[in-house]
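The chain contents come next:
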Amino acid sequence: MRLPHLAHGLDLPGSGMPQERLAQIAARRAFVEMKQRFMAAVNPLPGADGAWLRERVRRTQQPIELWNLRDAVFATLPMSLPDSRRMRLELHSALDSAFPDSGDLTSPMALQD
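Report follows, based on the coordinates. Per chain, residue numbering runs from 1 following the sequence as it is written. Given that the model is predicted, a residue must reach a pLDDT of at least 70 before its local features are reported, and side-chain atom pairs must reach 80 or more before they are shown or counted; all residues, however, enter totals for whole chains, interfaces and linings. With hydrogens and water excluded, all non-hydrogen atoms of the structure serve as input to the side-chain values.

## What about the environment of Glu33?
Put simply, the rule reads: A run of H or I in DSSP counts as a helix once it spans at least four residues, and a run of E counts as a strand once it spans at least two, with each numbered from the N terminus. A simple rule labels every residue: compare its accessible area, found with a 1.4 Å probe on the protein chains alone, to the largest value its type can have, and call it buried under 20%, exposed over 50%, or partly exposed in between.
Among the structural elements, Glu33 can be located in helix H1 (residues 18-42). In this structure Glu33 comes out as partly exposed when scored by relative accessible area, which is 42%. C-alpha of Glu33 to C-alpha of Ala94: the two residues are 61 residues apart in sequence and 8.2 Å apart in space.

Below you can see the structure in the form of structure tokens.
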């Protein structure tokens, strides 16, 4: 037996409007992309600090958790790594996209050697 009010999932939890679902998918994709950038940045870090950061980044589930780790990540990214400047710029870009009104991010000009 088919119930008419359930025919299109209107009463199912989380069904929402298509625009809401698309926004949720876009937000999730943005988070996953930012998390991948963080993982790439902390992956080459040696020692206990590197291992701790890798574990913390791996366990994040929300963008705010990556935001809270940003200072530790930037502090441990050595400028001696060839890709360090690029990684810093990519992380700043990802954070700025996720938190455009933060006003707390350092401008790329401050990243010069």
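Additional details are given in the paragraphs that follow.
## Focus: the packing of aromatic side chains
The cut-off we apply is this: Working definition: a ring pair exists when centres of Phe, Tyr or Trp rings (six-membered ring for Trp) sit within 6.5 Å. Plane angles under 30 degrees give stacked, over 60 give edge-to-face, the rest tilted. Lysine NZ or arginine CZ positioned within 6 Å of the ring centre and within 35 degrees of the ring normal marks a charge as sitting over the ring.
Under the defined criterion, the tally for this structure stands at 1 aromatic pair. Between Trp67 and Phe99 the ring centres are 4.9 Å apart and the planes differ by 50°, which places this aromatic pair in the tilted class. Taken together, the positions of Trp67 in helix H3 (residues 63-76) and Phe99 in the segment after helix H4 (84-98) put the pair 32 residues apart, joining distant regions of the chain. A cation sits over an aromatic face here: Arg70 above Trp67, 3.7 Å from the ring centre.

## So, the layout of surface pockets
For the record, the criterion: Here a cavity denotes grid points, spaced 1 Å and computed from the protein atoms alone, that fit a 1.4 Å probe unable to get out, and a pocket denotes an open set having protein on both sides within 12 Å along at least 5 of 7 lines; residues with an atom within 4 Å of a point are the lining. Grid points are joined across faces, edges and corners, and a volume is the space filled by probe spheres set on the points. Note on residue classes: Ala, Val, Leu, Ile, Met, Phe, Trp, Tyr, Cys and Pro are nonpolar, Asp, Glu, Lys and Arg are charged, and everything else, Gly too, is polar.
Taken as a whole, the largest pocket spans an internal volume of roughly 170 Å³. Taken together, Ala27, Ala30, Phe31, Glu33, Met34, Arg37, Pro63, Ala94, Ser97 and Ala98 form the lining of the largest pocket. Of all the secondary-structure elements, those providing two or more residues to the lining of the largest pocket are H1 and H4. No other element matches the 6 residues that H1 contributes to the lining of the largest pocket. Across the lining of the largest pocket, the residue classes break down as 7 nonpolar, 1 polar and 2 charged.

## A word on H1
The cut-off we apply is this: How far a helix is expected to stretch is found by multiplying one less than its residue total by 1.5 Å. Here, two residues are considered to be in contact whenever any of their heavy atoms come within 4.5 Å of each other.
Over its 25 residues, H1 runs 36 Å from end to end, which matches the ideal 36 Å to within 8%, given 1.5 Å per residue. By the burial criterion, the buried members of H1 are Phe31, Met34, Lys35, Phe38, Ala41 and Val42. As for H1, its buried residues are in contact with helix H2 (47-59), H3 and H4.

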